[in-house]
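Observations on the model geometry
Listed below are the residues making up each chain.
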Amino acid sequence: MNETIKYYIETWGCQMNEEDSEKLSGMLIPAGYKKTLDKGSADIIIFNTCCVRENAEQKVDGNIGALKTMKKENPKLVIAVIGCMMQQDGMAKHIITKFPFVDIIIGTHNAYKFPEYLKRIQSGESSIVEIWDKEENIIEGIPIERENTLKGFVTIMYGCNNFCTYCIVPYVRGRERSRNPEDIINEITAMVGQGYKEITLLGQNVNSYGKGLTPEINFAQLLRKINKIENLERLRFMTSHPKDLSNEVIEVIAESDKICEHVHLPVQSGSSNLLNKMNRHYDREQYLELVKNIRNTIPNVGITTDIIVGFPGETEEDFAETLSLMEEVKFNLAFTYLYSKRKGTPADEMLDQVPEDVKHERFNRLVEVVNRNCAEKNKACVGKIVEVLVEGYSKKDESKLTGRTRNGKVVNFEGNGNVAGDLVSVLITDSHSFSLFGEEI
Ligand code: SAH
Ligand code: SF4
Ligand code: F3S
């Protein structure tokens, strides 16, 4: 009898890539393959790549290069490089020229065909490089083997139409396509049946969900439908683009018991001038107005954001506006990024690129403000009682349980014998910059 063939998969980037990797597992495991976490003992090594920023890319070349000796020692080893980075113009050619020992190179649009390509390689084909330049209609029904059994991601729309001038995503993930509401609801209902407690709906811009579907449906209506699914405890979603977050959605969040009071609302910059150059379709005032509206309508809401530092043309005044917006809004959390040039995007061609040292110096100042604000926000939670979904034991201290509040804060706490999947009330007794501490009551 043949020994089981083991595959190892490493995934970079966002939940879109995570989902694609989980779908590969969903197809490979029922076909008799076994997943391994040990690269050294794998028969198949898959790298699922990201290209949103340069540092994500640099990792890939190093990782592929390191496989050269393994492949020499074991010529039967199958090496596959897939995902967003392969979808970039010229990248597949670069990889196969620099690393001719790679067996399979495919992009995001044909990832679901991986098992077919694998079979062809196993039957003797020397290498397959196949990148489709256009997205197909959504293909439903691909099985998925999720890593987490408590909290699950469900994609409601693929691609992006926004073309923010710094961003590569629309080029590598194609145009926006929304899934039918029935497919989404069936998937979530099945997951809840398997024991999932929390679902996060995913899309690059979930607030524009529904375009092109018949009968007509918008994101608020989808949320209302999902909120009715029995035994689902918590519902989250991301990402919300400020230009499309409607009053109706804000009201649905406030009204619906399952929808958590958390909005991830990337602002990118506090300067209206830069927001315009980024093609974001809102200005500073509109963003601040939106935050006010969200906070007035949804009690206890947690607002988080993404910021880019050093976009072309960013002056000290522009950056000061980002800092002042941070102070004004006081986000629960902010993900901060150094602007990274992406080939093929309009910002890459802009002549007024910000020097690296200036970017880094501003970045450090921003991080200081973000950390201070997060610490302040967390300190204000001390003495309060919050609802936490228990996720398991804390990695840092295994005598404590860990989980998140409805508005997204991490809480490590002394439990009373509850286990992963339980919803508990916790009294917050202490705080750090990025987490809370407490006791179950
Ligand atoms: N669709 C989502 C997320 C896109 S990628 C949105 O619009 O918010 C996640 C984050 O990466 C973005 O919000 C942005 O802050 C950052 N990002 C994207 N392209 C970047 C680039 N070229 N350089 C630096 N950060 C970038
Ligand atoms: Fe990129 Fe903008 Fe689309 Fe987000 S909305 S994925 S930042 S183009
Ligand atoms: Fe995500 Fe990176 Fe692709 S952020 S969509 S995996 S380019």
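Predicted model only: the values in this text are computed from it and were never measured. Every chain is numbered independently, its residues counted from 1 as its sequence is written. Chain A is the first chain written and ligand 1 is the first ligand written, with later ones labelled in order. Per-residue local features of the predicted model are confined to residues with pLDDT of at least 70, and side-chain atom pairs are confined, for both listing and counting, to 80 or more; whole-chain, interface and lining totals are unaffected and use all residues. The side-chain values count all of the structure's non-hydrogen atoms but skip hydrogen atoms and water molecules.

**Some words on the sheet that holds strand E5 (residues 104–106)**
Going by this rule: Two strands qualify as a pair provided DSSP detects at least 2 bridges between them. Counting from the N terminus, the helices are the DSSP runs of H or I reaching at least four residues and the strands are the DSSP runs of E reaching at least two. Contact between two residues is taken to exist if any of their heavy atoms lie within 4.5 Å; hydrogens are not considered. Axes here mean lines fitted to C-alpha atoms, for a helix over just the part in contact, with angles spanning 0 to 180 degrees between N-to-C directions.
Taking strand neighbours across the sheet as the criterion, the 6 strands line up as E2-E1-E3-E4-E5-E6 in an open arrangement whose pairing is parallel. Here the strands that pair on one side only, and so sit at the sheet edges, are strand E2 (34–35) and strand E6 (128–130). Of the strand pairs in this sheet, strand E1 (residues 6–11) and strand E3 (residues 44–49) are connected by 5 bridges, and their pairing is parallel. Residue Tyr-8 lies in a different strand from E3, and its bridge partner there is Ile-45. The sheet contacts of helix H1 (residues 15–28) involve E1, E2, E3 and strand E4 (78–83), and relative to E1 the element is tilted by about 170 degrees.

**Regarding the nonpolar core**
Using the following cut-off: Only buried residues count toward a nonpolar core. Its members are Ala, Val, Leu, Ile, Met, Phe, Trp, Tyr and Cys residues joined through side-chain atoms within 4.5 Å. Three exposure classes are used, based on accessible area relative to the maximum for each residue type with a 1.4 Å probe and protein chains only: buried under 20%, partly exposed in between, and exposed over 50%.
By size, the foremost hydrophobic cluster in this structure holds 68 residues, and its most contacted members are Ile-188, Leu-201, Phe-219, Ile-226 and Ile-294. Those residues in contact with Leu-201 that lie beyond four places of it in its chain are Val-154, Ile-156, Ile-188, Val-206, Phe-219, Leu-223, Ile-226, Leu-235, Arg-236, Phe-237 and Met-238.

**Brief notes about the packing of helix H2 (residues 54–65) against helix H5 (residues 91–98)**
Operational definition: With respect to orientation, any angle under 35 degrees is reported as roughly parallel, any angle over 145 as roughly antiparallel, any angle of 65 to 115 as roughly perpendicular, and every other angle as oblique. The sense of a crossing depends on the near helix, which, turned anticlockwise from the far helix by less than a right angle, makes the crossing left-handed and, turned clockwise, makes it right-handed. When residue character is reported, Ala, Val, Leu, Ile, Met, Phe, Trp, Tyr, Cys and Pro are called nonpolar, Asp, Glu, Lys and Arg charged, and the others, Gly included, polar.
Running from N to C, H2 and H5 cross one another at 25 degrees; their axes reach a closest spacing of 11 Å. Judged by the angle between their axes, H2 and H5 are roughly parallel. Classified by chirality, the crossing of H5 by H2 is right-handed. Contacts from Glu-57, Asp-61 and Ile-64 of H2 reach H5 at Met-91, His-94, Ile-95 and Lys-98. When its residues are assigned to classes, the contact of H2 with H5 shows 3 nonpolar, 1 polar and 3 charged.

**Some thoughts on the UniProt feature "domain: TRAM" (unreviewed entry) in the protein chain**
The following threshold applies: UniProt positions are given in the numbering used here, feature names are shortened, and annotations may be inferred rather than shown by experiment.
UniProt feature "domain: TRAM" (unreviewed entry): in the numbering of this structure it lies at residues 379–441. Along residues 379–441 the backbone is 2% helical and 52% strand, and the end-to-end C-alpha distance reaches 20 Å.

**Here we look at the site of ligand 1**
So the rule is basically this: We call a residue near a molecule or strand as soon as one heavy atom of that residue lies within 4 Å of the molecule or strand. In protein, a polar contact requires one atom able to donate a hydrogen and another able to accept it; more generally it is a pair of N or O atoms within 3.5 Å, and residues adjacent in sequence count only if both atoms are side-chain atoms. Residue exposure ignores everything except the shown protein chains as possible cover, and the areas themselves are Shrake-Rupley values with a 1.4 Å probe.
In the region of ligand 1, 15 residues are neighbours, and Arg-53, Gln-204, Gln-268, Asp-306 and Ser-340 sit closest. One of the side-chain N or O atoms of Gln-268 is found 2.7 Å from an oxygen atom in ligand 1. When ligand 1 sits alone it has 540 Å² of accessible area, and the protein chains cover 90% of it. Of all elements in the fold, only strand E13 (302–309) and strand E14 (333–338) reach the threshold of two or more residues within the shell around ligand 1. Its residues placed into classes, the shell around ligand 1 shows 7 nonpolar, 4 polar and 4 charged.

**As for empty space enclosed by the protein**
What counts here: As defined here, a cavity is a set of points on a 1 Å grid over the protein atoms alone where a 1.4 Å probe fits but cannot get out. A pocket is an open set with protein on both sides within 12 Å along at least five of seven lines, and residues line them when an atom is within 4 Å of a point. Grid points are joined across faces, edges and corners, and a volume is the space filled by probe spheres set on the points.
One pass over the structure, following the stated rule, counts 2 cavities of 30 Å³ or more. Of the volumes computed, that of the largest cavity is approximately 350 Å³. In this structure, the largest cavity is lined by 19 residues; those nearest its centre are Asp-20, Thr-108, His-109, Tyr-158 and Arg-177. Element by element, the count of residues in the lining of the largest cavity is highest for H1, at 5 residues.

**Quick look at the site of ligand 2**
Taken together, Cys-160, Asn-162, Phe-163, Cys-164, Tyr-166, Cys-167, Val-169, Pro-170, Gln-204, His-241 and Arg-280 make up the full set of residues adjacent to ligand 2. Tallied by class, residues from the shell around ligand 2 come to 7 nonpolar, 3 polar and 1 charged.

**Notes on the domain arrangement of the protein chain**
The cut-off we apply is this: Per the annotation, domain bounds derive from an automatic or database assignment of domains.
By domain assignment, the protein chain separates into domain 1 (6–130), domain 2 (151–379) and domain 3 (385–440). Using only C-alpha atoms to locate each centre, domain 1 and domain 3 end up separated by 37 Å.

**Examining the packing of helix H9 (residues 219–227) against helix H10 (residues 247–255)**
Their axes nearest at 8 Å, the elements H9 and H10 cross at an angle of 15 degrees. Taken together, the axes of H9 and H10 lie roughly parallel to each other. You can see that H9 and H10 cross each other, and the crossing is left-handed. Residues Phe-219, Ala-220, Leu-223 and Arg-224 of H9 lie in contact with H10, whose contacting residues are Glu-248, Val-249, Val-252 and Glu-255. Looking at the contact of H9 with H10 residue by residue, the classes come out as 5 nonpolar, no polar and 3 charged.

**Examining the environment of Pro-100**
Mapped onto the elements of the fold, Pro-100 is located in the loop between H5 and E5. Classification of Pro-100 by relative accessible area gives exposed; the value is 58%. Between the C-alpha atoms of Pro-100 and Ser-127, which are 27 residues apart in sequence, the distance is 8.7 Å.

**Describing the sheet that holds strand E17 (residues 410–414)**
Taken together, the 5 strands give a closed barrel; going around it, the order is E15-E16-E17-E19-E18, and neighbouring strands pair in mixed fashion. Averaged over all pairs of adjacent strands, the angle between strand axes in this sheet comes to 50 degrees, irrespective of strand direction. Pairing analysis gives 5 bridges linking strand E15 (residues 385–393) to strand E16 (residues 401–405), with the strands arranged antiparallel. Bridged to Tyr-393 within E16 is Leu-401.

**Focus on helix H8 (residues 181–193)**
The condition is simple: Expected helix span is computed as 1.5 Å times (number of residues minus one). To be clear, the arc concerns the directions from the helix axis to the C-beta atoms.
Taking 1.5 Å per residue as the helical rise, H8 with its 13 residues ought to reach 18 Å, and the 18 Å between its terminal C-alpha atoms agrees with that figure. Residues of H8 that are buried: Pro-181, Ile-184, Ile-185, Glu-187, Ile-188, Met-191 and Val-192. Projection of H8 onto a plane perpendicular to its axis shows the buried side chains occupying an angular sector of 160 degrees, all on one side. Looking at H8, the residues exposed on the side facing more than 90 degrees away from the buried face are Asn-186 and Gly-193.

**Some thoughts on the UniProt feature "domain: Radical SAM core" (unreviewed entry) in the protein chain**
With numbering matched to this structure, UniProt assigns "domain: Radical SAM core" (unreviewed entry) to residues 146–377. Secondary structure over residues 146–377 splits into 41% helix and 16% strand, and the C-alpha atoms at its two ends are 33 Å apart.

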